[in-house]
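Each chain, written out:
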Amino acid sequence: MFRKNVSAGKVNFIVFIIFVFILGGSVELQINMNKKSARMACGMVLDQAESVIDKNAGDGADITEFISKMPFTETMTIYIWEDDGASFLPLPKKEGVRLKKTEKIEKEWNYLVSEKYKNYNLAVTYPLKKANVSVPGTTALLGLALMAALIIINIVIAQAFKAQEKSKSELQDTNNILETAGFGIWYIRLMEGKKPRMYANPKMKEVLGIEGQFLSEEEVYDFWYSRIPEKAVQSVQDSVQEMLDGNVSENTYQWEHPDKGMIYVRCGGACYEKGEKEQVLGGYHSDVTAIVTEDERRQRELREAKEAAERANVAKTSFLSRMSHDIRTPLNGIIGLIRINEKHENDKELVKENYKKIMISANHLLSLINDILQMSKLENGEVNLMHEALDLHQLSQDVLNMIDLRASEAGITLEYERSMDEVKYPYVYGSALHLRQIFLNIYSNSIKYNTLGGRITTKMRCVSMENGIVTYQWTISDTGIGMTEEFLEHIFEPFAQEHSDARSIYKGTGLGMAIVKSLIDKMNGTIEVSSREGVGSIFVITLPFELAEESEVKKSEELPIDGTIDGLSLLLAEDNELNAEIAELQLKEAGADVTIVRDGQQAVDLFIEKPEGTFDAILMDIMMPVMDGLSATRVIRVLDREDAKTIPIIAMTANAFAEDARRSMEAGMNAHLAKPLDMKKVILTIQKCCDNKK
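As the structure is a computational prediction, the values presented were derived from the model and not from experiment. (Residues numbered from 1 in each chain as written. Predicted model: local features only at pLDDT ≥ 70, side-chain atom pairs only at ≥ 80, totals over all residues. Heavy atoms only, no water.)

Quick look at the overall build of the protein chain
- For the protein chain, the helix and strand inventory stands at 20 helices and 21 strands.
- Each of the 694 residues in the protein chain was classed as buried or not, and the buried ones make up 42%.
- In the protein chain, 63% of the contacts between residues at least 6 apart in sequence involve partners at least 24 apart.
- Within the structure as shown, the protein chain displays about 39000 Å² of accessible surface, and the carbon and sulfur contribution to it stands at 53%. (Helix = DSSP H or I, 4+ residues; strand = E, 2+ residues; numbered from the N terminus. Buried < 20%, exposed > 50% of the residue type's maximum accessible area, 1.4 Å probe, protein only. Contact = heavy atoms within 4.5 Å. Areas by Shrake-Rupley, 256 points an atom, 1.4 Å probe, with all protein chains shown as cover.)

Considerations on the sheet that holds strand β4 (residues 120-127)
- Strand order in this open sheet of four strands is β1-β4-β3-β2, and the pairing throughout is antiparallel. This sheet does not close on itself; its edge strands, each paired only once, are β1 (77-82) and β2 (98-105). Adjacent strand axes in the sheet meet at a mean angle of 25°, parallel and antiparallel pairs treated alike.
- Looking at chain direction, strand β3 (residues 108-117) and β4 are connected through eight bridges and run antiparallel. What sits directly across from N110, in β4, is P127. (Pairing = 2+ DSSP bridges. Axes fitted to C-alpha atoms, helices over the stretch in contact; angles between N-to-C directions.)

Some thoughts on a negative patch on the surface
- On the surface, E485, E486, E489 and E533 cluster together into a patch of negative charge.
- If you trace the backbone, E533 turns up in the loop between β15 (526-532) and β16 (536-547). (Patch = residues over 30% accessible without salt bridge, like charges linked within 9 Å, V, L, I, M, F, W, Y side chains within 5 Å. Salt bridge = Lys/Arg side-chain N within 4 Å of Asp/Glu carboxyl O. Lys, Arg positive; Asp, Glu negative; His and termini not counted. Charge placed at Lys NZ, Arg CZ, Asp CG, Glu CD.)

Things to note about the side chain of S239
- Inspection of the secondary structure assignment puts S239 in helix α7 (residues 230-244).
- In contact with S239, not counting residues within four places along its chain, are S249 and N251.

Description of a nonpolar patch on the surface
- On the surface, F16, I17, V20 and F21 cluster together to form a nonpolar patch covering roughly 360 Å² of accessible area.
- On the secondary structure map, F21 appears in helix α1 (residues 2-56).

Quick word on helix α16 (residues 600-609)
- Residues of α16 that are buried include every one of G600, A603, V604, L606 and F607, and no others.
- The opening residue of α16, the one whose side-chain oxygen lies 2.9 Å from the backbone nitrogen of Q601, is D599. (Polar contact = N/O pair within 3.5 Å; in protein donor to acceptor, adjacent residues only side chain to side chain.)

So, the packing of helix α10 (residues 392-409) against helix α11 (residues 432-448)
- Between α10 and α11, the least distance of the axes is 10 Å, while the angle of their chain directions is 30°. Taken together, the axes of α10 and α11 lie roughly parallel to each other. Regarding α10 and α11, the two cross each other, and that crossing is right-handed. Each of L395, D398, V399, L400, M402, I403, R406 and A407 in α10 lies in contact with α11, whose residues at this interface are A432, L435, R436, F439, L440, Y443, S444 and I447.
- The residue makeup of the contact of α10 with α11, split by class, is 12 nonpolar, one polar and three charged. (Parallel < 35°, antiparallel > 145°, perpendicular 65-115°, else oblique. Left-handed = near helix turned anticlockwise from the far one by under 90°. Nonpolar A, V, L, I, M, F, W, Y, C, P; charged D, E, K, R; others polar.)

Observations regarding the pattern of salt bridges
- All chains considered together, the criterion is met by 23 salt bridges.
- Among the ionic pairs, R297 bridges to E301, the shortest N-O distance being 2.4 Å. With R297 and E301 both in helix α8 (residues 289-343) and four residues apart, the pair spans about one turn of that helix.
- Taking the relative accessible area as the measure of exposure, E301 reaches 41% and is therefore partly exposed.

Topic: helix α19 (residues 658-667)
- Those residues of α19 that sit buried are A658, E659, D660, S664 and A667.
- In this structure, the buried residues of α19 make contact with α11, α17 (629-637), β20 (649-653) and β21 (671-674).

Focus on the packing of aromatic side chains
- For the coordinates displayed, the defined rule picks out nine aromatic pairs.
- Between the aromatic rings of W224 and Y225, the centroid separation amounts to 5.9 Å while the plane-to-plane angle is 65°, which identifies the pairing as edge-to-face.
- Its relative accessible area of 6% is what places W224 among the buried residues.
- The structure contains a cluster of three or more aromatic residues connected by ring pairs, namely F439, Y472, W474 and F545.
- Note that K517 overlies the ring of F492, its terminal NZ or CZ placed 5.9 Å from the centroid.
- Above the plane of the ring of F607 lies R641, whose end atom (NZ or CZ) is 4.3 Å from the centre. (Phe/Tyr/Trp six-rings, centres within 6.5 Å; stacked < 30°, edge-to-face > 60°. Lys NZ or Arg CZ within 6 Å of the ring centre and 35° of its normal.)

Some points on the packing of α17 against α19
- At a closest axis distance of 9 Å, the pairing of α17 and α19 adopts a crossing angle of 20°. As judged from the angle between their axes, α17 and α19 are roughly parallel. Touching L630, T633, R634 and R637 of α17 are R663, S664 and A667, all from α19.
- Here the contact of α17 with α19 is built from residues that sort into two nonpolar, two polar and three charged.

Description of the nonpolar core
- Counting residues in hydrophobic clusters, the biggest one holds 43 residues, and the most contacted among them are Y443, W474, I541 and F545.
- Mapped onto this core, the elements with two or more residues apiece are α9 (348-379), α10, α11, β13 (455-466), β14 (469-478), α14 (512-522) and β16.
- For this core, the element with the most residues is α11, which contributes seven residues.
- Among all residues touching I541, those that are not within four sequence positions of it are F439, I442, Y472, Q473, W474, I476, I520, T526 and I527.
- Judged by nonpolar contacts, the second largest core, of 25 residues, contains M40, A49, V52 and M70. (Core = buried A, V, L, I, M, F, W, Y, C linked by side-chain atoms within 4.5 Å.)

Examining the side chain of Q279
- Structurally, Q279 can be placed in strand β9 (residues 278-287).
- Given a relative accessible area of 16%, Q279 falls into the buried group.
- Of the polar contacts made by the side chain of Q279, one reaches the backbone oxygen of G275; its length is 3.0 Å.

Points about unusual backbone geometry
- Cis geometry marks the peptide bond from K675 to P676; its omega dihedral reads 0°.
- On the secondary structure map, P676 appears in the loop between β21 and α20 (679-693).
- Despite not being glycine, N524 shows a phi value in the positive range, around 60°.
- Positive phi, normally seen in glycine, also occurs at V626, with a value near 65°.
- With respect to the helices and strands, the residue V626 is situated in the loop between β19 (617-620) and α17.

Structural notes on the sheet that holds β19
- One open sheet accounts for five strands, arranged β18-β17-β19-β20-β21; its pairing is parallel. In this open sheet, the two strands that pair with only one neighbour each are β18 (593-597) and β21. When the angles between neighbouring strand axes are averaged without regard to direction, this sheet yields 20°.
- Pairing of strand β17 (residues 569-573) with β18, which is carried by five bridges, proceeds in the parallel orientation. Across the sheet, the residue bridging to A573 is V597, located in β18.
- Relative to β19, α17 is tilted by about 155°, and along the sheet it contacts β19 and β20.

Focus: the confidence of the model for the protein chain
- Taken as a whole, the protein chain shows an average pLDDT of 82; of its residues, 83% reach a score of 70 or greater.
- Every residue in residues 1-8 scores below 50 in pLDDT, and together they form one contact with partners more than four places removed in sequence or on other chains.
- This stretch, residues 500-507, has a pLDDT under 50; its non-local contacts, to residues over four places away or in other chains, come to 16 contacts. (pLDDT = per-residue confidence, 0-100.)

Here it is as structure tokens:
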């Protein structure tokens, strides 16, 4: 019995000694493993910080410019400061060496890894408490195991199994420490004559999309490697070789995720064990698809902005070159014909024919200037569409009537479906002026680029009517020379003309279709063009309109064929002497008495000075010194005299757009005439305004 007791005591003593060593050794081992793992995680953060500095920190760059791009974890703390000689944390003496130690920072012990890198000091700290969070629990478990062993000798074998479970727990604790750093951690073991093996922590498995699957390390490696696209394999192999050469490697490459499809991953690592027949690589792995996609988007936007700026510069140069040619061509004709007339002034037939040619060149020059100005206004968003009730059937007929004569003169037959005579919803809101311009430009092109004996066919149909919005579609086809598919891609670009001689042969500016497209876009419509060389072109215009009532449509008032201003007293405000002289002469030839002033202020002063009824009408330029025509009109309209409210004030100005006419009406004018003036229209407008006053 005694011997049994002694024997049991010896066993108890041996077990006690063994477990004391196990307890102390295991605690020390776990602390050392935690220390190594924490420093490894700190080193990985430093590797990534170096990469951020390499990519974002130029010479003299302020830290605040890229600190937001530094790696972030909830466990570790990264410090970065400029290398100015001062330091509040321990640093290695030279660059290229990393200092690893345990340091007390802000009353708390931390594992510290620091280095000098380029112009910056870097340090990463990992609190000991967090790194060794599992140590107290493990110690308690071992203590309980020791007590159990002393009490029950026959559970020694069971204690061995507990020790094995404990080892697994310690490994899991280590993995948890690395996982809290925010990375997927991997180790690849390369062994001669055997398949590569990859250990992946839970975060790494999550990145790979295999969380919850029970795969061997060989299967994990095969799964990862098999999903690397062929174009990325070489970069991955180069990165592995860089690690085997003793360097830290980082690489971003595409990888086929089982659920997300093709993603971008960032992988960094180094070789931790290098033997003759076995090597161990380890590092981090993270999904950076969002970062790479955003960076690619920014790069694409920068690239597109650069290309747009280059195109704009080329377009500017091209614009100046084209305008120099297009403006000088009719001017050269005008100047040349004037000189011919000077030398042959007695040849009345020649002079008369030359004057006709001068007028043609002048009208072409005026059309060119109008197109350029309108294109500029459209590009700058300065064109405002009218919202007026109109009769779409009447507008269509007006356009066809205007274009019919031009088509006949060119030997072109104009055809249209009779269904156009029965527009189902004719009364709509729109901008009549701009609608006419759209169709006149398209018809003009169809005539200009057609062939003798050719045809232009127009079809119109109602596409839909819903919620008070009616949508119409016009199909205009011609039998002209047609266009190539290559040119169709550029047809709506300003100054686009397929043939270099188009300006000379067809008298075009290349702005018509660009203006059409811009106006249709502003109307929320569409235009489609198809064409075949030698066959012809088809234009399909689709426009939505808001329905209007017939009562809201203003009936157009036709001017009389002939008019007279004989005996009328007119006040002309014009600052340009030549324009004033021409207008005065033509108005006096028509029988009017004309008084000229040079600016808006003089017009106001003279109107106030003269008795009521002195002037029958005021012809007002808009852009004048001292006071412009719009301001002068507003002043006159608020004067405390009877004729200030009723006297016709007519704008005669080079401001020729619909927006200019609208501003004139809003200022209190009665009509708006654009220069160069058609004197017949001027006389008829003056007569109409004076008759209305009566």
